[in-house]
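# A look at the structure
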Amino acid sequence: MKNLAIFSSGAGSNAARIIEFFHNHPTIRVKLIVCNNPNAGVLHIASKNRLPVLLIEKERFFRGDGFLPELENQAIDFLVLAGFLWKIPVSLIRAYSGRIVNIHPALLPGFGGKGMYGRHVHEAVIAAGEKESGITIHYVDELYDHGQAIFQARVIVEPGDTPETLAKKVQALEHAHFPRVIEEVVLSNHR
Ligand code: GRF
């Protein structure tokens, strides 16, 4: 059985779909929700699904052990970042190298990096006059939104699009693809 920990800072709509997708899966299960925001919507999703939550704080996460002991004693095999806004510390990058995936709501390498999350991304894409946008699912390394890309899907940016309408189109791609790509990555990883 491969155990996933989902890291989420916000609403958790991606987390909800990932939990749903792996419900009754023969070899992969979501075992833990890791969150840095005590008011995040994802906490309700966790309790509804009777999943344990690890609430993390900055000091220990960035300047301590990255909560690695908790991940290890839950036998976590893969970290899935689904709307997690903090950078992953090198302690976790090292312990889980090749086993951390993130989803970004744009076509990296464009429109990524520090501060590029949520509507900031869609505003920048529209302001730049891009004709298309989409999602990038990638491995995580020490830099924001920088690791090797695994999967991308595209949407057309229409003239009347606003950050809200574009966000909706991009989020539809996230929900449609992220769970399946996670499954492919986990099944193909023989660590
Ligand atoms: C999504 O836009 C995702 O691409 C980005 O953060 C957002 C998460 O949304 N990483 P939700 O919390 O899963 O609804």
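For the structure given in this document, a descriptive report is provided here. In this text the structure is predicted, and so the values were computed from the model without any measurement. (Residues numbered from 1 in each chain as written. Predicted model: local features only at pLDDT ≥ 70, side-chain atom pairs only at ≥ 80, totals over all residues. Heavy atoms only, no water.)

## Side note on the pairing of strand 6 (residues 132-139)
What counts is decided by this rule: Partly exposed describes any residue whose relative accessible area lies between the buried limit of under 20% and the exposed limit of over 50%, with all areas from a 1.4 Å probe on protein chains only and scaled to the type maximum. Secondary structure counts use DSSP, requiring at least four H or I residues in a row for a helix and at least two E residues in a row for a strand, with both numbered from the N terminus. Here, a strand pair is defined by DSSP locating no fewer than two bridges between the strands.
In terms of burial, strand 6 is largely enclosed, as 6 of its 8 residues are buried. Here 7 bridges tie strand 6 to strand 7 (residues 149-156), and the two strands are oriented antiparallel to one another. Residue pairing in the sheet places G134 in a bridge with R154 of strand 7.

## Quick word on the pattern of salt bridges
For clarity, the cut-off: Take a side-chain nitrogen of Lys or Arg and a carboxyl oxygen of Asp or Glu: if they are within 4 Å of each other, that pair is a salt bridge.
Summed over the entire model, instances satisfying the criterion amount to 9 salt bridges. Of the charged contacts in the structure, one is a salt bridge between E59 and R63, with a shortest N-O distance of 3.0 Å. Taken as a pair, E59 and R63 lie in helix 3 (residues 58-63) at a separation of 4 residues, close to a single helical turn. Note that E70 is salt-bridged to R60, the shortest N-O span being 2.8 Å. A residue pair is termed long-range when its members are at least 10 positions apart, and E70 in helix 4 (residues 68-73) and R60 in helix 3 qualify at 10 residues. When salt bridges that share partners are traced, they join R60, D65 and E70 into one network.

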